[in-house]
There are 2 protein chains.
Amino acid sequence: MTRYPQTSPATTPLPAGFRAHTGSAGLREDGDDVVVVVNDGPAPASSAVFTRSLFAGPSVVLSRANAASGRARGLVVVAKNANVATGEQGMANAREVLDRAAASVGVPPEDLLIASTGVIGRQYPMDLLRTHLDGLAGAGFTADARAVAGAMMTTDTHPKTAVREMTTTTGATAQVVGVAKGVGMIEPDMATMIAVIFTDAAVEPGVLDAAFRAAVDDTFNCLSVDTDTSTSDTAIAFASGVAGEVAEAELREALTAVCLDLTRQLARDGEGATKLLTVEVTGARDRDQAKRVAKAILNSPLVKTAVHGADPNWGRVAMAIGKCSDDTDIDPERVTIVFGDLETYPAFPGEAELERLTEIMRAEEVTIAVDLGVTGRGPGGAADGSANDSAGDAAGGSCTVYGCDLTREYIAINADYTT
Amino acid sequence: MTRYPQTSPATTPLPAGFRAHTGSAGLREDGDDVVVVVNDGPAPASSAVFTRSLFAGPSVVLSRANAASGRARGLVVVAKNANVATGEQGMANAREVLDRAAASVGVPPEDLLIASTGVIGRQYPMDLLRTHLDGLAGAGFTADARAVAGAMMTTDTHPKTAVREMTTTTGATAQVVGVAKGVGMIEPDMATMIAVIFTDAAVEPGVLDAAFRAAVDDTFNCLSVDTDTSTSDTAIAFASGVAGEVAEAELREALTAVCLDLTRQLARDGEGATKLLTVEVTGARDRDQAKRVAKAILNSPLVKTAVHGADPNWGRVAMAIGKCSDDTDIDPERVTIVFGDLETYPAFPGEAELERLTEIMRAEEVTIAVDLGVTGRGPGGAADGSANDSAGDAAGGSCTVYGCDLTREYIAINADYTT
């Protein structure tokens, strides 16, 4: 598959047409905790997807309504408090945050989105937020994408940004810049943690929405750190229109590249993670089956701990495939399991191969490729090369998912502190 | 709910009609690793349920066939090697183990069952097993249930046995004695790890089968240590008939009590566990929905780590409920969440209650009770007491599940050694 570089340069300007402020309202002990981004472009367009959680909080409820127009003009992010399971008071607080931010930046409140991340079940500290938001009118809107990503962090160890360039239909250059935060409670369903993508291309809302949903489906929705789905998952794309039009295929490719770059960064920086774990499943009946099996492997605590310890225990991958017991068309005798470039099943590795497998598992990135043999292979024969299909392959029956190892540090982060 | 005592007395005789041998074939560095139990009773009956894993090994395949008669007469257990994902050689080896054991104990091989547990993807050390099994004819068959449980262990920290008495229809006493091993790769689906229940009651196979499946469904199938489903799960009940007939209700109650006792021991001894976590869900549309939500809470790594660290982070339970996003009849405004005897949602605990919650979570057993409010409650009103229903309550819409906390030691056990 194509290996996209993971980019987090020191400074990352936002595309033309956007201005951003980050500041400290006092929710975080140290550092910025509030973000406000405004789209001043001539052709504002937006697309947004949200968590399917039954316990989605007021931020998701309000943003879902305000995003429906496809013309949202900006975003407020509050870090360290998810404002979830907070009842009517939580909803009133979210509305007030949106209203005050909107008044300060001169955008109608119904054109602003809001995202919150942090502890569940606590009310916003409204006194702190009121003071901060009312001062926004006189604040500088000079933050770059890296500052935006940094102010959104919870247990992230570094800000996550990604950049790709596009060429417009008139030959000019347009940018796609993405920011994301993640690291725990991550198994996105319709969307993901918080990810925001900015582009100065001119795009109709419907085109942006279709391209963004396709990109999210192949990237953030193929990510799992710990099988827990956030109540606050939000992924948003904004286009300003400053740079001019780009072809739809160019837009899709750039959006997918930025989202995949961020997805891999989020997986690698999963809570406590020391390794990026990629699972590629091919030869499935359809993409749903491929994704189900890939997720069963990616989320197995026994596979994740084996990857962490570089334990050449490939049998645990067989176990994880076996859990998909409703997929009765999967025949163990047609399955192949490959770690890196080493086939472990049905090759039945000897001592030398187990040593080689340990080496493969010691790397910072471990890739497990499974061909289910349900489609596309002769009975008992060798794989036809489909195990090397890229993530973006349009063929049905394959899926690539992204996660990480399970470590003592994950336990420490989540048992020893309220996060 | 009824709190069954957890019994693992120093010696635990098998019921009348059974004889057992445990011995060391050399698969384990230290201690017994082979078990052979024979049912010599006048009315042998059996019932067995197995893993639904697609990668079920030859032990499960052979036992499933031999158990179909309802008249299996004995069992061979091999510890430290699961004999799974081992191809045709693995199947030939399993047949040979059964044949040699059957010849030594004088039982037709088609009346013997076999269970294996341990590493996946390695062939049995057949030289060691041949030598051991051929010597069985002259060996003592004097092992008690505790020795049987001990010889089956993998990473278990102690042997697990449970005993209940029944009264026969003529007023005599009959026994139910259970043994089990477990601890990792545990989320039974149709069955569980390895559990074997012995009774000297006289029971028709059909009656035993119905009673055993009902007991397994409420106990082993409500257990999860780590969401990973073993390829080797096997639960078997044998009846010898020596003690005479018991009423069906008496049998069901005793079987369920023994299975629940073992289930709680297995959860408490989950790999790395320091606590027993029990989740009781009531007020659901039906038992399936109750179990789905209960498992989502029980299996959430963020809930499990919060329980481990006694972090009063009840919002993670709301998150876990929210993951069941296809259950659109669950309305967060009708849900209640109770830890021990403390309501946390929608009560919105203050600082004093959070301290009390920390105390509750510090106990060796933590019980989380959730009423979904889908049935049986007035809108927004208090629970009608259904949150205190026992696990055995026949009412639809409730389910109790058993698990444990997630600790650094789970990582150590599964990352640092091949298990």
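Our subject is the structure listed above.
The following refers to the structure shown. This one's a predicted model, so the numbers in the text were calculated from it and none came from an experiment.

Let's talk about the overall build of chain A
Then, in step 1: Of the regular secondary structure elements, chain A holds eleven helices and 14 strands.
Then, in step 2: Burial statistics for chain A: of 419 residues in total, 62% are counted as buried.
Then, in step 3: Within chain A, contacts between residues separated by at least 24 positions form 81% of all contacts whose residues are at least 6 apart in sequence.
Then, in step 4: As presented, chain A carries roughly 14,000 Å² of accessible surface, and 49% of it is formed by carbon and sulfur atoms.

Quick notes on helix α3 (residues 126–134) of chain B
Residue and element names in this part refer to chain B.
Then, in step 1: What α3 keeps buried is the set M126, L129, H132 and L133. An end-on view of α3 places all buried positions within 130 degrees of arc, on one side of the element. Facing away from the buried surface of α3 by more than 90 degrees, the exposed residues are D127 and T131.
Then, in step 2: Elements in contact with the buried residues of α3: β1 (18–23), β2 (34–39), β4 (74–81) and α2 (87–105).

Considering the sheet that holds β4 of chain B
Residues and elements named next belong to chain B.
Then, in step 1: Across the sheet, four strands lie side by side as β1-β2-β4-β5; this open sheet has mixed pairing. Among the strands making up the open sheet, the edge pair consists of β1 and β5 (112–119). Averaged over neighbouring strand pairs, the angle between their axes works out to 10 degrees when direction is ignored.
Then, in step 2: By the bridge criterion, five bridges tie β2 to β4 in an arrangement that is antiparallel. Its bridge partner being in β4, V38 is matched across the sheet by G74.
Then, in step 3: Sheet strands in contact with α3 are β1, β2 and β4, and its direction is about 35 degrees off that of β2.

Some remarks on the pattern of salt bridges
All names here are of chain A.
Then, in step 1: As enumerated under the stated definition, the model contains 38 salt bridges over all chains in all.
Then, in step 2: We note a salt bridge from R292 to D327, for which the minimum N-O separation is 2.6 Å. Remark: D327 occurs in the loop between α9 (315–322) and β11 (336–339) and R292 occurs in helix α7 (residues 287–299); sequence separation between them is 35 residues.
Then, in step 3: On the basis of relative accessibility, which here comes to 37%, the residue R292 falls in the partly exposed class.
Then, in step 4: Each of E96, R100, D127, R130 and D134 takes part in salt bridges that share partners, so that together they form one network.

Side note on helix α1 (residues 58–67) of chain B
Residue and element names in this part refer to chain B.
Then, in step 1: Where burial is concerned, most of α1 is hidden: seven out of the ten residues are buried.
Then, in step 2: Taken residue by residue, α1 has P58, S59, V60, L62, S63, N66 and A67 as its buried positions.
Then, in step 3: Next to the buried residues of α1 lie β3 (45–50), α2, β5 and β9 (234–245).

Observations concerning the relation of the copies chain A and chain B
Then, in step 1: When chain A is fitted onto chain B, the two copies agree to an RMSD of 0.0 Å after a turn of 180 degrees and an axial shift of 0.0 Å. Here the two chains are linked by the operation of a two-fold rotation axis. Every residue of chain A has its C-alpha some distance from the rotation axis, and the shortest such distance is that of R408 of chain A, at 2.3 Å.
Then, in step 2: The residues that chain A uses at the interface reappear at the interface of chain B in 100% of cases, marking a shared surface.

A closer look at the interface of chain A and chain B
Then, in step 1: Counting residues at the interface gives 59 residues for chain A, matched by 60 residues for chain B.
Then, in step 2: Of all residues in chain A, L54, F55 and R408 of chain A give up the largest surface area on contact with chain B, accounting jointly for 16% of the area buried on that side.
Then, in step 3: On the surface where chain A and chain B come into contact, there are zero salt bridges.
Then, in step 4: Here chain A is connected to chain B by four residue pairs in polar contact (both at pLDDT 80 or more).
Then, in step 5: The set of elements that each furnish at least two residues to the side of chain A that touches chain B consists of α8 (301–309), α9 and α11 (408–416) of chain A.

Comments concerning the side chain of S116 of chain B
All names here are of chain B.
Then, in step 1: With respect to the helices, strands and loops of the structure, S116 is situated in strand β5.
Then, in step 2: S116 gets classed as buried once you look at its relative accessible area, which sits at 1%.
Then, in step 3: At a separation of 2.7 Å, a polar atom in the side chain of S116 contacts the side chain of S59.
Then, in step 4: Of the polar contacts made by the side chain of S116, one reaches the side chain of Y124; its length is 2.4 Å.

Thresholds applied
Residues numbered from 1 in each chain as written. Chains lettered and ligands numbered in written order. Predicted model: local features only at pLDDT ≥ 70, side-chain atom pairs only at ≥ 80, totals over all residues. Heavy atoms only, no water. Helix = DSSP H or I, 4+ residues; strand = E, 2+ residues; numbered from the N terminus. Buried < 20%, exposed > 50% of the residue type's maximum accessible area, 1.4 Å probe, protein only. Contact = heavy atoms within 4.5 Å. Areas by Shrake-Rupley, 256 points an atom, 1.4 Å probe, with all protein chains shown as cover. Arc of directions from axis to C-beta. Pairing = 2+ DSSP bridges. Axes fitted to C-alpha atoms, helices over the stretch in contact; angles between N-to-C directions. Salt bridge = Lys/Arg side-chain N within 4 Å of Asp/Glu carboxyl O. Least-squares fit on C-alpha atoms with pLDDT ≥ 70 in both. Buried area = accessible area lost by both parts, 1.4 Å probe. Polar contact = N/O pair within 3.5 Å; in protein donor to acceptor, adjacent residues only side chain to side chain.

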